[in-house]
Amino acid sequence: MKKKHGIILICAALVLLSGCVEQTRYNPSDSLSVGSFDSKSNSSDSQSSSLDSQPGSSDSQSSSSDSQSGSDPNAFYSGTVSAYDKLNISNGDVLEIDDSFVCEKDGEINIEKGGVLVIRGDLDLSGDLYVCGKLIIEEDAKISGSGVIHVIDSFDDIECSGTVTAKIDAPEPVEIDGVTYVGGILLVNKKYGLPRNYGDGLCPEVSEAIEAMRKDTGFSMSLRLSSGYRSYETQEWWFNYYCETDGYENAITYSALPGHSEHQAGLAADITSTNTSYADTAEGKWLAANCYKYGLIIRYPADKVDITGYIYEPWHVRYLGKSTAKLVHDSGLCLEEFLEVDG
């Protein structure tokens, strides 16, 4: 009887041990270790390591015990964040990457608040990049691949002068005093409106961007009457006018309901002409190809009518700031698609 009990106890112990070993391989709910390269795909003895040292420095050489445990942070610098590995950049840390590197599927890069990741090379992203701190993509840098960049708080946390073609996951919309924001971007469209008393003029950033384009190109880039800032009341008058002259069903395709115009937000402008033929002019072609460099986007593209709900308006630009405008431009998406919201 004692022998039988002993066998049972040994079997039970083996089952429990097997379960423990399986759990240490990877648990999606594991918390990230601050300032570490957390190798979840290696043995259960894996230790987290600080990323304070820079690649190539004497301090960045791993000890033999680290190499044995699979926790060497230089595994990242060798070019790959492997599947189930987590690279964390913690508060106060600045990590600068000059060369090309890879984040494999199921790998994670986490920029915590106060942390900074500077990319000067190419990141092939098949895993996930979480941005809560600062992500800087310099001019010749590129982030591409099938992975996702998750913006946790604000698009202001990304400074992009390079190229990003990887998918960007926007934060959920939040409403503050009747105004909707997505990652700090004010959102106005057919679904999301503004309070009647919102707005008091064209934002200076818009005027400055248009003036800079005018100066750099020699094009007139003129603003039509009421095509910069437009109050709720002015928009109401125009919408009613178009309904009377063209019918509601037509008017709603090119004129916003009062309270749903970007002009009221002071962040949009109609440049030079409100005729679709403007797209075929030298100025119109230049605007479409270059306005993102000045922080603007063509808000209602020709191939996104079903999403925005508005006809193609090659003259209507919306100010987002240079970095975010570059991200939207590189994505090939309209603003609704980019922010993952309904039109």
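Details of the structure are given in the entry above.
Quick summary incoming for the structure in this document. (Residues numbered from 1 in each chain as written. Predicted model: local features only at pLDDT ≥ 70, side-chain atom pairs only at ≥ 80, totals over all residues. Heavy atoms only, no water.)

### Thoughts on unusual backbone geometry
Move 1: The phi dihedral of aspartate 106 falls on the positive side, at around 75°, and the residue is not glycine.
Move 2: Note on placement: aspartate 106 falls in the loop between strand 5 (101-103) and strand 6 (108-111).
Move 3: A relative accessible area of 32% means that aspartate 106 is categorised as partly exposed.
Move 4: Residue aspartate 177 is not a glycine yet carries a positive backbone phi of 55°.
Move 5: With respect to the helices and strands, aspartate 177 occurs in the loop between strand 16 (174-176) and strand 17 (179-182).
Move 6: Judged by its relative accessible area of 72%, aspartate 177 falls in the exposed class. (Helix = DSSP H or I, 4+ residues; strand = E, 2+ residues; numbered from the N terminus. Buried < 20%, exposed > 50% of the residue type's maximum accessible area, 1.4 Å probe, protein only.)

### Considering the packing of aromatic side chains
Move 1: If you walk through the whole model with that rule in mind, you get 10 aromatic pairs.
Move 2: Measuring from ring centre to ring centre gives 5.9 Å for tryptophan 238 and tyrosine 241, while their planes differ by 90°; the resulting arrangement is edge-to-face. Of this pair, tryptophan 238 and tyrosine 241 both sit in helix 5 (residues 232-246), three residues apart, roughly one helical turn.
Move 3: The class for tryptophan 238 is partly exposed, based on a relative accessible area of 28%.
Move 4: Classification of tyrosine 241 by relative accessible area gives partly exposed; the value is 36%.
Move 5: Between the aromatic rings of tyrosine 300 and tyrosine 310, the centroid separation amounts to 4.8 Å while the plane-to-plane angle is 50°, which identifies the pairing as tilted. In this pair, tyrosine 300 is assigned in strand 20 (residues 296-300) and tyrosine 310 in the loop between helix 9 (305-308) and strand 21 (313-319), connecting sequence segments 10 residues apart. Each member of the pair, tyrosine 300 as well as tyrosine 310, is classed as buried. (Phe/Tyr/Trp six-rings, centres within 6.5 Å; stacked < 30°, edge-to-face > 60°.)

### Here we look at the pairing of strand 8 (residues 122-125)
Move 1: Burial of strand 8 is one-sided: the residues Leu123 and Leu125 facing one way are buried, the residues Asp122 and Asp124 facing the other way are not.
Move 2: Strand direction decides the pairing type here: strand 5 and strand 8, joined by three bridges, are parallel. Across the sheet, valine 102 pairs through a bridge with aspartate 124, a residue of strand 8.
Move 3: Where strand 8 meets strand 11 (residues 142-144), three bridges bridge the pair, whose relative direction is parallel. Note that in strand 11 the partner of aspartate 124 across the bridge is serine 144. (Pairing = 2+ DSSP bridges.)

### Description of the side chain of serine 323
Move 1: Counting through the fold element by element, serine 323 comes out in helix 10 (residues 322-331).
Move 2: Discounting residues that sit within four places of it in the chain, serine 323 has contacts with Ile158, Glu159 and Cys160. (Contact = heavy atoms within 4.5 Å.)

### Thoughts on the pattern of salt bridges
Move 1: Per the counting criterion, the structure on display carries 17 salt bridges.
Move 2: Between glutamate 159 and lysine 134 there is a salt bridge, and its shortest N-O distance comes to 3.5 Å. Of this pair, glutamate 159 sits in strand 13 (residues 158-160) while lysine 134 sits in strand 10 (residues 134-137), placing them 25 residues apart in sequence.
Move 3: Under the relative-accessibility criterion, glutamate 159 is labelled partly exposed at 40%. (Salt bridge = Lys/Arg side-chain N within 4 Å of Asp/Glu carboxyl O.)

### Some details on the pairing of strand 21
Move 1: In terms of residue burial, strand 21 counts as a mostly covered element, since seven of its seven residues are buried.
Move 2: Sheet analysis places strand 19 (residues 268-270) next to strand 21, joined by three bridges and oriented antiparallel. From the neighbouring strand, aspartate 270 faces strand 21, where its bridge partner is histidine 316.
Move 3: The pairing of strand 20 with strand 21 spans four bridges and is classified as antiparallel.

### Side note on the side chain of aspartate 93
Move 1: Tracing the backbone through its elements, the reader meets aspartate 93 in the loop between strand 3 (85-89) and strand 4 (94-97).
Move 2: As a buried residue without a salt bridge, aspartate 93 has its nearest oppositely charged side chain in arginine 120, at a separation of 15 Å.
Move 3: A polar atom in the side chain of aspartate 93 sits 2.7 Å from the side chain of serine 90. (Lys, Arg positive; Asp, Glu negative; His and termini not counted. Polar contact = N/O pair within 3.5 Å; in protein donor to acceptor, adjacent residues only side chain to side chain.)

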